[in-house]
Every structure is written in C-alpha cells, then in structure tokens.
Amino acid sequence: MSLLSKFRDSIVEKFVRNHKLVKKFGEIQSITIDSEKGSATVTVLLHGEPAPMTFYGSYKFEDTDEGTFVVCEKIFCERQWINDALEFYLTDNPIRQVLPKFAGGLAKIIF
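A brief structural summary. Along every chain, residues carry numbers that run from 1 in the direction the sequence is written. Whole-chain, interface and lining totals are the exception, using all residues; otherwise, since this is a predicted model, local features are given only for residues with pLDDT of at least 70 and side-chain atom pairs are given and counted only at 80 or more. As a rule here, side-chain values cover all heavy atoms of the structure and leave hydrogens and water aside.

A pocket here means an open set of points on a 1 Å grid, computed over the protein atoms alone, that has protein on both sides within 12 Å along at least five of seven lines. A cavity is instead a set of points where a 1.4 Å probe fits but cannot get out; residues with an atom within 4 Å of a point line either one. Grid points are joined across faces, edges and corners, and a volume is the space filled by probe spheres set on the points. Considered as a void within the structure, the largest pocket measures approximately 690 Å³ in volume. Put simply, DSSP marks the helices as runs of H or I at least four residues long and the strands as runs of E at least two long, and each gets a number from the N terminus on. Mapped onto the lining of the largest pocket, the elements with two or more residues apiece are α1 (3-18), α2 (20-25), β2 (39-46), β3 (53-64), β4 (67-76) and α3 (80-92). In the scheme used here, Gly and all other residues not listed as nonpolar or charged are polar, with Ala, Val, Leu, Ile, Met, Phe, Trp, Tyr, Cys and Pro taken as nonpolar and Asp, Glu, Lys and Arg as charged. Per-class residue counts for the lining of the largest pocket are 22 nonpolar, five polar and one charged. Each pocket or cavity is described by its volume, and for the second largest pocket that value is around 220 Å³. Lining the second largest pocket are 10 residues, and of these Lys 14, Phe 15, Gln 97, Leu 99 and Pro 100 lie nearest its centre. Listed by contribution, the elements that provide at least two residues to the lining of the second largest pocket are α1 and β5 (96-98). Of the residues forming the lining of the second largest pocket, the biggest block, four residues, is contributed by α1. Of the residues contributing to the lining of the second largest pocket, the split by class is six nonpolar, three polar and one charged.

Below, the structure written as structure tokens:
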C-alpha cells in the first residue's frame, strides 16, 4: 500500500470514527477502507443489539469554496428497515465533513 493510499485511508477512518451518527447509535468494532474504490466496510455494535452489524458505504472527496469535504454517498446493511431509515435521514442530511486545512490542501493535490 502506498503512502498516499494510507493517508487517504486514515482520513476516511477518522471521519467515520468521529462522526456523530456513528457515535450516537453504536460502537465501531472494525473498519476496512478501499481508497481505490472509494468504499468502506464498518462493523458496528449498535446500542441494544446482541451482535455487531456490518455497514457498507461509498464516499468521495468534494472540493468546494468552503474547503475539501469527505462526502458519504451511500450506506447500506443487511437490514431493510435500517436501509430505509438511513435513506430517509440522509436525503435531507447528507453525511459530509470538511477536512482540516492541511489535509484539505493535501487532498486537493492527491485526489
């Protein structure tokens, strides 16, 4: 894995681990990121559930006048009702996070 791939992966992992939606509903057990495909697999132990659940998502980097953002494009899992809830919520509240200035500047160069 190249240094740039590791950097991209660490940015996305930090984004996922620190996002308020994830923290509100569960605890991350593992994260696997494929920066070449722009995808992530996240295993989360949801509050009140007896076993962890795996979520799959795709993301991209978006450059705007406000800065460079990590934008989650799609999230899904094996439970239909959770997929429906995510789609309902994400329609009006897309998951996006501005990158810190240094990381954002670097992202503009390497992404």
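Here, a strand pair is defined by DSSP locating no fewer than two bridges between the strands. One open sheet accounts for five strands, arranged β1-β2-β3-β4-β5; its pairing is antiparallel. Strand pairing shows two members of the sheet lacking a second neighbour, β1 (26-34) and β5, which therefore form its edges. Geometrically, the sheet is characterised by an average inter-axis angle of 30 degrees between neighbouring strands, direction not taken into account. As paired strands, β1 and β2 are joined by eight bridges and run antiparallel to one another. The residue of β2 that forms the bridge with Ile 33 is Ala 40. Two residues form a contact once any of their heavy atoms are found within 4.5 Å. Angular values range over 0 to 180 degrees, each being the angle between N-to-C directions of two axes fitted as lines to C-alpha atoms, with helices fitted over their stretch in contact. In this fold α3 packs onto β2, β3 and β4, with an angle of close to 150 degrees to the strand it touches most, β4.

Two rings belonging to Phe, Tyr or Trp (six-membered ring only in the last case) form a pair when the distance between their centres is within 6.5 Å. Interplanar angles under 30 degrees mark stacking, angles over 60 mark edge-to-face geometry, and anything in between is tilted. The tally for this structure, following the rule as stated, stands at two aromatic pairs. Taken together, a centroid distance of 6.0 Å and an interplanar angle of 90 degrees make the contact between Tyr 59 and Phe 61 edge-to-face. By relative accessible area, which is 9% here, Tyr 59 ends up buried. Note on exposure labels: buried denotes an accessible area under 20% of the residue type's maximum, exposed denotes more than 50%, and partly exposed covers the range between, all computed with a 1.4 Å probe on protein chains only. Residue classification places Phe 61 among the partly exposed positions, given a relative accessible area of 23%.

Our focus in this paragraph is the pattern of salt bridges. Only one rule defines a salt bridge in this text: a Lys or Arg side-chain nitrogen within 4 Å of an Asp or Glu carboxyl oxygen. Throughout the structure, instances matching the rule amount to five salt bridges. The closest approach of N and O atoms between Arg 79 and Glu 49, which form a salt bridge, is 3.4 Å. Here Arg 79 is found in the loop between β4 and α3, whereas its partner Glu 49 is found in the loop between β2 and β3, with 30 residues between them in sequence. A relative accessible area of 28% means that Glu 49 is categorised as partly exposed. Arg 96 is the partner of Glu 62 in a salt bridge, and the nearest nitrogen-oxygen pair spans 3.1 Å. Pair noted here: Glu 62 is in strand β3 and Arg 96 is in strand β5, with a separation of 34 residues, a long-range link. Assessed through its relative accessible area of 22%, Glu 62 is described here as partly exposed. What emerges from the salt-bridge pattern is a single network uniting Lys 60, Glu 62, Glu 73 and Arg 96.

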